[in-house]
Amino acid sequence: MIFSVAYYFLLPIGAAYFPELFRIKVWGPVNVGILFALSEFVVAWAIAGIYAWRANREFDAMAAEIVRDAVKIGG
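Residues numbered from 1 in each chain as written. Predicted model: local features only at pLDDT ≥ 70, side-chain atom pairs only at ≥ 80, totals over all residues. Heavy atoms only, no water.

With that out of the way, let us pick up the packing of aromatic side chains. One pass over the full model with this rule turns up five aromatic pairs. With a centroid separation of 5.9 Å and an interplanar angle of 55 degrees, the aromatic rings of Phe-22 and Phe-36 are classed as tilted. With Phe-22 in helix α2 (residues 19–22) and Phe-36 in helix α3 (residues 32–74), this residue pair connects regions lying 14 residues apart in the sequence. Taken together, a centroid distance of 6.0 Å and an interplanar angle of 50 degrees make the contact between Tyr-51 and Phe-59 tilted. Among the aromatic residues, ring-to-ring pairing joins Phe-3, Tyr-7, Phe-22 and Phe-36 into one connected group. (Phe/Tyr/Trp six-rings, centres within 6.5 Å; stacked < 30°, edge-to-face > 60°. Helix = DSSP H or I, 4+ residues; strand = E, 2+ residues; numbered from the N terminus.)

Rendered as structure tokens:
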């Protein structure tokens, strides 16, 4: 969470304090600022993928254990 929020705010902070860096042309009309903005989507999907992988591996097992305990208690 902290990484994603920090990465998100790097775009407006970078654009405000380092506009010459964000204006560097990479390919045709595409500059560093556009690539950085698009990279936020990649980072968001990566974080979501890591969370889903971890949730499937750890949290589902924990939830199943809670259900088993609840069934034992409930009868």
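The next thing to look at is the packing of helix α1 (residues 2–17) against α3. Two packed helices can be described by the angle between their axes and the distance between those axes. Running from N to C, α1 and α3 point in directions that differ by 165 degrees, and their axes come no closer than 10 Å. As the angle between them shows, α1 and α3 are arranged roughly antiparallel. Considering the relative orientation of α1 and α3, their crossing is left-handed. From α1, Phe-3, Ser-4, Tyr-7, Tyr-8, Leu-10 and Leu-11 reach across to α3, where they touch Gly-33, Phe-36, Ala-37, Ser-39, Glu-40, Val-43 and Ile-47. Across the contact of α1 with α3, the residue classes tally to nine nonpolar, three polar and one charged. (Axes fitted to C-alpha atoms, helices over the stretch in contact; angles between N-to-C directions. Parallel < 35°, antiparallel > 145°, perpendicular 65-115°, else oblique. Left-handed = near helix turned anticlockwise from the far one by under 90°. Contact = heavy atoms within 4.5 Å. Nonpolar A, V, L, I, M, F, W, Y, C, P; charged D, E, K, R; others polar.)

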